[in-house]
Amino acid sequence: MGLLLVSCQSDSYQVNGFAHQLKEGDTICLAHGSTPGLPFALTTVSGGKFWLEGPADETVPCCVYLKRQPACAAVFFPDHGTIAVELNLPPTPSRISGTNLNNEWQQMNDAIQRMGNKLFRIIERQDSDSIVHLARLRAVDSLHREMSDLIVNTGQRNRDNPLGRFILENYKEPEFQ
């Protein structure tokens, strides 16, 4: 029985893609995050879906994107198992889920997006009152620190997996004053 369970375990990832906003036959590219212009796999949209798979031996994120519009993209970690990728045309953000690692990545990105939206709303306001302006600057600084803490904490919490290692190796924490 144990041998049967081991033989059923996979050292691969599968991308179950949803592309309801895309056209039938659109080309979907898959590239390493560090070389987005050099895809290593291609597939096409059929019936609003696409499928990709590969070995789960990579520790760097991959980017899946629409060839004709590379801004229509999602970044995921090629983790063991099935990863759901929902590709949406901008401005609707694309989403990923399906494995613990990719769920954690999406949660962090969702939180950063919410904080970024708050930052833009604060910055867009026009106030001539210097006290109000100073309060806005403090709010921007606070949100910036909160974003940085979120990224660092996500990296620390995941330090033993590819997500944490990626964050810890690539994120440069700002020097706040």
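Above this text sits the structure in question.
Residues numbered from 1 in each chain as written. Predicted model: local features only at pLDDT ≥ 70, side-chain atom pairs only at ≥ 80, totals over all residues. Heavy atoms only, no water.

Visitor: Provide a residue-level description of the side chain of Thr154, including the pertinent values.
Guide: Looking at the secondary structure, you find Thr154 in helix H3 (residues 130–157). Polar contacts involving the side chain of Thr154 include one to the main-chain carbonyl oxygen of Leu150, which spans 2.8 Å. In this view, Thr154 contacts Glu104, Met108, Leu163 and Ile167; residues no more than four positions away in its chain are not counted. (Helix = DSSP H or I, 4+ residues; strand = E, 2+ residues; numbered from the N terminus. Polar contact = N/O pair within 3.5 Å; in protein donor to acceptor, adjacent residues only side chain to side chain. Contact = heavy atoms within 4.5 Å.)

Visitor: Let's hear about the packing of aromatic side chains: which residues, and what values?
Guide: Evaluation of the coordinates by the stated rule reveals 4 aromatic pairs. Centroid distance Phe77 to Phe166: 5.8 Å. Interplanar angle 75°. Geometry classified as edge-to-face. Here the residue Phe77 occupies a position in the loop between strand E6 (69–76) and strand E7 (81–86), and Phe166 occupies one in helix H4 (residues 162–170), the gap between them amounting to 89 residues. Each ring, one from Trp105 and one from Phe166, has its centre 6.3 Å from the other, and the planes form 80°; the classification is edge-to-face. With Trp105 in helix H2 (residues 100–124) and Phe166 in helix H4, the pair connects residues that are 61 residues apart, well separated along the chain. A relative accessible area of 26% means that Phe166 is categorised as partly exposed. (Phe/Tyr/Trp six-rings, centres within 6.5 Å; stacked < 30°, edge-to-face > 60°. Buried < 20%, exposed > 50% of the residue type's maximum accessible area, 1.4 Å probe, protein only.)

Interpretation note: all reported values are geometric properties and have no functional meaning in isolation.
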